Amino acid sequence: MNGSDLTFSGGPPIRVYTTAWGYKVLVAAVTIVGLAFFLMILGTAFSRSAPHGRDLTVAYVLLGAGSAMIACLAYVLASTFRTRLEVHSDRIRYIRLLGTKEIRMDAIRGFRMLTTRNREALTLVPKDPAVRSIGIALTIGDRKGFVEWAGRRLTNLDETEFQEEMKEALGDAVLGNTEEERALALRRAKQWAACLSVVGTGVAFWAFIKPYPYEYAIGALIVLPPAALASLRFFRGALRFEWKARSAYSGIAPALCYSCGALALRAFQDWNILEWDNFGYPFIAVFLGMWFLAIMHAGDTWRKIPTAFLLFGVCAAYGYGTTISVNGLLDASAPAPYQARVLSARSCTGKSSSYHLKLSPWGPRKEAKEIEVSRTVYRRYKTGDSVQVNVRSGRLGIPWFEVH
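As the structure is a computational prediction, the values presented were derived from the model and not from experiment.

Where helix α4 (residues 157–170) meets helix α5 (residues 179–209), the closest approach of the two axes is 9 Å, and the angle between their N-to-C directions is 120°. As far as their axial angle goes, α5 and α4 are oblique. Contacts between α4 and α5 pair Met-166, Ala-169 and Leu-170 from the former with Glu-179, Arg-182, Ala-183 and Leu-186 from the latter. A breakdown of the residues in the contact of α4 with α5 according to their chemical character gives five nonpolar, no polar and two charged.

Put into structure tokens, the structure is as follows:
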């Protein structure tokens, strides 16, 4: 029986959905492999330590961590086989491992679709705001049939809001004198938002993966966010700060998040700050400058609490990244050299690589501390070597240092 064949009547569930068999097999396979890997690592740790009288701390730590991992996998496995969705004539029941959620058909306001890279779900939204929504993971069998049934029987809130937004936009005289002019303004705003998103993503990858020439990569990250905010006024409301997957209006939030996040990350990785006493004033100045720029050009959208929090994070990341980067890039002070010894060295590799040296006390530093260095510096020195540490005063009065 397919979801499209549903006819509603009293009695037992009209349609029952369980987790798709392909997903069950995948979860079971991952659980088995995880258990086997854990037992192999644990056995190796105990076999190498116990016979030789070595400390078993590492083995016991692996035992605890592995047990927690196996418990999580076991929960996911049990939940996968336990999950059951029942469609009745007058209600919907969603049965999970740790409980059951139920909602009557006449109490459902509608549904929304949530799609991310790793998850796809259908959320049932109740009419009563005090009642929590029910999120249904679309790992069920015949998910297409269930989604089609929901589209016929329930209100698609995403589509309804989109149509209302589109009607409002096409009737907004600020966007143009005629409906055709307003539609053209919306299309141009969409194209510009897509362009900003592509540029923001590209510059962020450039700065994160290989920022060369460094000054140009960081400069692009500094210029892009205020330019994107300033462009809001040019589109007179057709372009907005916030972004939604299904909306009549286009948003610049993705471009801002990518560029500001990359700028802050680059500043954190590239500059070793010695003292933070003079950081506050320039940071606050840049932060408030971005905040006021957003308020001037973003209209009233920043008054929404989620948007305000997102905007606060974007401005804070931009303020930190810009302050630290400008302080170092425009610094023309003479370096003050100090000598230190390498106490240890380590590297972390993966999606991104980082290199660290632990240095003995030197100059203003009265205790040994680990710092991040470039790959070239890391390969040049080994434990016990003497290194030169240059301290500069910083363009904004924030002292920083580098290892040569």
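What follows covers the packing of aromatic side chains. Within the structure shown, the criterion is met by 15 aromatic pairs. For the ring pair Phe-146 and Trp-149, a centre distance of 5.7 Å and an interplane angle of 25° mean the geometry is stacked. Of the two residues, Phe-146 and Trp-149 are both situated in helix α3 (residues 143–153); the distance of three residues between them amounts to about one turn of the helix. The class for Phe-146 is buried, based on a relative accessible area of 0%. Across the ring face of Tyr-17, the terminal group of Arg-15 is positioned such that the distance to the ring centre comes to 5.1 Å.

A few words on the sheet that holds strand β5 (residues 108–115). The strand order across the open sheet formed by three strands is β5-β6-β7, and the pairing between neighbours is antiparallel. Two strands close off the open sheet at either side, each with one partner strand: β5 and β7 (134–137). The sheet shows a mean angle of 20° between the axes of neighbouring strands, direction not considered. Here four bridges tie strand β6 (residues 120–126) to β7, and the two strands are oriented antiparallel to one another. Residue pairing across strands places Thr-123 opposite Gly-135, the latter belonging to β7.

As a further point, take the state of the cysteines. The full count for this structure, using the stated rule, is zero disulfides. Not part of a disulfide, Cys-315 finds its nearest cysteine sulfur in Cys-260, a span of 7.5 Å.

Under the defined criterion, the tally for this structure stands at 17 salt bridges. A salt bridge links Asp-158 to Arg-112, with the nearest nitrogen and oxygen atoms 3.1 Å apart. Of this pair, Asp-158 sits in helix α4 while Arg-112 is found in strand β5, placing the two residues 46 residues apart along the sequence. With a shortest N-O distance of 2.8 Å, Glu-370 and Arg-346 are connected by a salt bridge. Here Glu-370 is found in strand β13 (residues 369–373), whereas its partner Arg-346 is found in strand β11 (residues 336–348), with 24 residues between them in sequence. With a relative accessible area of 34%, Glu-370 lands in the partly exposed category.

Taking 1.5 Å as the rise per residue, helix α7 (residues 253–270) with 18 residues should run 26 Å; its terminal C-alpha atoms sit 25 Å apart, in good agreement. The set of residues buried in α7 consists of Ala-253, Pro-254, Ala-255, Leu-256, Ser-259, Cys-260, Ala-262, Leu-263, Ala-264, Arg-266 and Ala-267.

What follows covers the side chain of His-356. Mapped onto the fold, His-356 is located in strand β12 (residues 354–359). Of the residues examined, His-356 reaches a relative accessible area of 11% and is grouped as buried. For His-356, the residues in contact, after removing those within four places along its chain, are Ser-344, Ala-345, Arg-346, Cys-348, Glu-370, Ile-371, Glu-372 and Tyr-378.

A surface patch of nonpolar side chains, amounting to about 520 Å² of accessible area, comprises Phe-205, Phe-208, Ile-209, Leu-265 and Phe-268. Of all the secondary-structure elements, those providing two or more residues to the nonpolar patch are α5 and α7. When residues in the nonpolar patch are grouped by element, the largest group, three residues, is from α5. Tracing the backbone through its elements, the reader meets Ile-209 in helix α5. Looking at Ile-209, the relative accessible area reads 62%, which means it is exposed.

Rules and cut-offs
Residues numbered from 1 in each chain as written. Predicted model: local features only at pLDDT ≥ 70, side-chain atom pairs only at ≥ 80, totals over all residues. Heavy atoms only, no water. Axes fitted to C-alpha atoms, helices over the stretch in contact; angles between N-to-C directions. Helix = DSSP H or I, 4+ residues; strand = E, 2+ residues; numbered from the N terminus. Parallel < 35°, antiparallel > 145°, perpendicular 65-115°, else oblique. Contact = heavy atoms within 4.5 Å. Nonpolar A, V, L, I, M, F, W, Y, C, P; charged D, E, K, R; others polar. Phe/Tyr/Trp six-rings, centres within 6.5 Å; stacked < 30°, edge-to-face > 60°. Buried < 20%, exposed > 50% of the residue type's maximum accessible area, 1.4 Å probe, protein only. Lys NZ or Arg CZ within 6 Å of the ring centre and 35° of its normal. Pairing = 2+ DSSP bridges. Disulfide = S-S within 2.5 Å. Salt bridge = Lys/Arg side-chain N within 4 Å of Asp/Glu carboxyl O. Expected span 1.5 Å × (residues − 1). Patch = residues over 30% accessible without salt bridge, like charges linked within 9 Å, V, L, I, M, F, W, Y side chains within 5 Å. Areas by Shrake-Rupley, 256 points an atom, 1.4 Å probe, with all protein chains shown as cover.

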